[in-house]
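Working through the structure, step by step
Single-letter residue listing:
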Amino acid sequence: MARKYRPLPDEMVEYIVIHTSASPQKYTWEWLLHYFINILNWSVAGYHVVVEETGLVKRLVPHGKQSNGVKAFRAKDIFISNRNAIHICWEGGIDENGQPTDNRTEIQERELIRVLEWYLWKYPNAKVLGHNQVDLKNCPCFNVIEWARQIEYTDLNTNTRIVGIPEWRIYKGDNFKVLEYHFGYDSTKQASA
Ligand SMILES: [Zn+2]
């Protein structure tokens, strides 16, 4: 089926958003795509790239096109919508009772970082955040700010290993207090939002 994609020019990308699919870990990217297109009746998938529990990485939306990961949101320090954001999803995020949980596997975590490092290189001015920083959601079930500060990744410009994404590339807002509520995050202690 032909999909109606909207363009997402490289120079428009300001944010890289981390998501969870909030689905059982065993579900595959095919299921996710089916869910968006046939069940939700969206014209495009919710994420550009999904990382399965096995570490398999699958692109759901072509590069340079918009996916459907966020509702547009504006605050004093951010305006985010699908027109300026890339959406990366790890598959999983609920336990056997359907409750939110961070059940990323080791290889999934490694591949998630690998996808992110490519986008950090591709969009040198873009900032990283979790969906829960701009919507009242658990997604992606962890504190992306603290995570981004301690992950080890490769700077693809210099091909060097780095620990921690530069502070200026991490969006610090906690607009719905989800990080405060779940992770004790104190946004007032951050140097800049
Ligand atoms: Zn999300």
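This report concerns the structure included in the present document. (Residues numbered from 1 in each chain as written. Predicted model: local features only at pLDDT ≥ 70, side-chain atom pairs only at ≥ 80, totals over all residues. Heavy atoms only, no water.)

As for unusual backbone geometry
The condition is simple: Helical segments are the DSSP runs of H or I of at least four residues, strand segments are the runs of E of at least two, and each set is numbered from the N terminus. Classification of residues uses two cut-offs on accessible area relative to the type maximum, computed with a 1.4 Å probe and protein chains only: under 20% is buried, over 50% is exposed, and between them is partly exposed.
Of the consecutive residues Cys139 and Pro140, the connecting peptide bond is found in the cis state with omega at 5°. Tracing the backbone shows Pro140 in the loop between strand S7 (127–130) and helix H3 (144–150). In this structure, Asn41 is a non-glycine residue whose phi angle is positive, near 65°. Mapped onto the elements, Asn41 comes out in the loop between helix H1 (29–39) and strand S2 (49–51). The exposure class assigned to Asn41 is exposed, which follows from its relative accessible area of 64%. Even without being glycine, Asn159 reaches a positive phi, approximately 55°. Positionally, Asn159 belongs in the loop between strand S8 (152–155) and strand S9 (160–163).

Topic: the pairing of S9
Applied cut-off: The pairing criterion is simple: DSSP has to find at least two bridges between the two strands.
The pairing of S8 with S9 spans four bridges and is antiparallel. Among the inter-strand pairings, Tyr153 is bridged to a residue of S9, identified as Ile162. Counting the residues that bridge the hairpin from S8 to S9 gives four residues, and of these Asn159 lies at a positive phi of roughly 55°.

Concerning helix H2 (residues 106–122)
Helical geometry note: an α-helix holds 3.6 residues per turn, so side chains three or four residues apart project in the same direction. Worth spelling out the cut-off: Expected span of a helix, by definition, is 1.5 Å for each gap between consecutive residues, and there is one gap fewer than residues.
Under the 1.5 Å per step criterion, the end-to-end length of H2 is 25 Å for 17 residues, consistent within 8% with the ideal 24 Å. Taken residue by residue, H2 has Gln108, Glu111, Leu112, Ile113, Val115, Leu116, Glu117, Tyr119 and Leu120 as its buried positions.

Notes on the sheet that holds strand S6 (residues 85–90)
Our working rule: Inter-axis angles, ranging from 0 to 180 degrees, are taken between N-to-C directions of lines fitted to C-alpha atoms, where helices are fitted over the stretch in contact.
The strand order across the open sheet built from five strands is S3-S2-S6-S1-S7, with neighbouring strands paired in mixed fashion. In this open sheet, the two strands that pair with only one neighbour each are strand S3 (57–59) and S7. Neighbouring strand axes in the sheet, compared pairwise and without regard to direction, differ in orientation by 20° on average. As judged from the three bridges shared by S2 and S3, these two strands associate in the antiparallel manner. Bridge pairing links Val50 to Lys58 in S3.

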